[in-house]
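Architecture and fold: a report
Given next are the chains, with one letter for each unit.
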Amino acid sequence: MLFNQSATSVVHFSFSIRFAIKEMVVRGAPAIAIAAALSLAVEAVNLETFQGTADAAASFLAQKLEYLVSSRPTAVNLSDAATKLKEITVKAASTRSEANAVFQAYIEAAEIMLEDDVASNKAIGSYGASCFESQLNDAKKISILTHCNTGSLATAGYGTALGVIRAVHAQGILEKAYCTETRPFNQGSRLTAFELVHDNIPATLIADSAAAALMKAGCVQGVIVGADRVAANGDTANKIGTYSLAVCAKHHGIPFYVAAPLTSVDLSLPSGESIVIEERSPKELLNSRGGLGEQVAASGISVWNPAFDVTPANLISGIITEKGVITKSKDEDFDIKGFVLKVVAQ
Ligand code: MRU
């Protein structure tokens, strides 16, 4: 028995947050990581009565983190955060004997992750705005299409792809943002549209299926999306429909960018082929309101509902990170590992 009765009776925030992540109450790769890390920090605050060694505290936290990581499989941010947090608690346990010192180290690290995510997003926004500015040529303004929700409601604040749109707007060079509905769960119409209206950013909502026509009509000069996992070659898993947008953008000669913090990069995967794609409930397609409303599809029809797809690197013009834009070499490859090693060494 690692802890006493009062410790076992604390509210299990990590249990509630795992449920909230699975049910998409909290969603968006960075928000999932931060909410999970902070839920366990709240639990740790309530564990003053934990009766065990520092090593026991570290393994208690490690088990909880493993449990949280199993909530959704595609985004890498949560497992990246869990790995870093585990390293911090193991290090704390190796230098201190009291369990509380380990919990304190965990809480401080989780709080820093929250601050770092906002700072990263602001930096992504700034690099992204410069990138689009350099693309203006004679035009004074640019219209940009985005998919899913990658804003304040998907991150600790500001956002990745939507953060870039915010920064382009702040720089006075945004003609208009277009956001897709993002079927079937409608993160675009429910969340991105809300954030754009809230910030008074000129914006228009389109059906996912209208994107090719929008591009053909010459209404957009750039596409920007977020990422759930970027493999070492640049293949990127993101919300279902991202791949179709990238194919359409290529066909129309429109630059297609991914905006993501380096915590979304998974160098352990050589390509996107082995990224696990989450499949979600058929109800999201069968029923209205992303599965929450009444059934609209014919009873008895079978459903395939992958939540994400993988966009091959050859369709991606650049990956905008908090440390700069990863562009392709002359032979049209991304050297993501080289970029990461260079920025880590700085
Ligand atoms: O299923 P969701 O809503 O969690 O999917 C979200 C996305 O695909 C986002 O584009 C991605 O997580 C990046 S959020 C900054």
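Everything that follows concerns the structure shown earlier in this document.
Residues numbered from 1 in each chain as written. Predicted model: local features only at pLDDT ≥ 70, side-chain atom pairs only at ≥ 80, totals over all residues. Heavy atoms only, no water.

1. Overview of the layout of surface pockets
The space that makes up the largest pocket amounts to roughly 370 Å³. Sorting the residues of the lining of the largest pocket by element identifies helix H3 (29-45), helix H5 (77-95) and helix H6 (99-133) as the ones contributing at least two each. With six residues, H6 is the largest single contributor of residues to the lining of the largest pocket. Looking at side-chain class alone, the lining of the largest pocket contains ten nonpolar, three polar and five charged residues. Roughly 290 Å³ of volume is contained in the second largest pocket. Along the walls of the second largest pocket sit 15 residues, with Lys22, Glu23, Arg280, Ser281 and Glu284 positioned nearest its centre. Across the lining of the second largest pocket, the residue classes tally to three nonpolar, four polar and eight charged. (1 Å grid on protein atoms, 1.4 Å probe; cavity = no way out; pocket = protein on both sides within 12 Å on 5 of 7 lines; lining within 4 Å. Points joined across faces, edges and corners; volume = space filled by probe spheres on them. Helix = DSSP H or I, 4+ residues; strand = E, 2+ residues; numbered from the N terminus. Nonpolar A, V, L, I, M, F, W, Y, C, P; charged D, E, K, R; others polar.)

2. Considering the sheet that holds strand S11 (residues 324-326)
On the basis of which strands lie adjacent, the open sheet formed by seven strands has the order S3-S2-S1-S4-S7-S10-S11 and mixed pairing. Of all the strands in the sheet, just strand S3 (203-206) and S11 have a single pairing partner and so form its edges. Each strand axis lies, on average, 25 degrees off the axis of its neighbour in the sheet, ignoring direction. By the bridge criterion, three bridges tie strand S10 (residues 318-321) to S11 in an arrangement that is antiparallel. Each residue of the ladder has a partner; that of isoleucine 319, found in S11, is isoleucine 326. In this fold helix H7 (residues 161-170) packs onto strand S1 (142-146), strand S2 (174-180), strand S4 (222-225) and strand S7 (256-259), with an angle of close to 165 degrees to the strand it touches most, S1. Sitting on the sheet, helix H12 (residues 336-345) touches S10 and S11, and the angle it makes with S11 is about 155 degrees. (Pairing = 2+ DSSP bridges. Axes fitted to C-alpha atoms, helices over the stretch in contact; angles between N-to-C directions. Contact = heavy atoms within 4.5 Å.)

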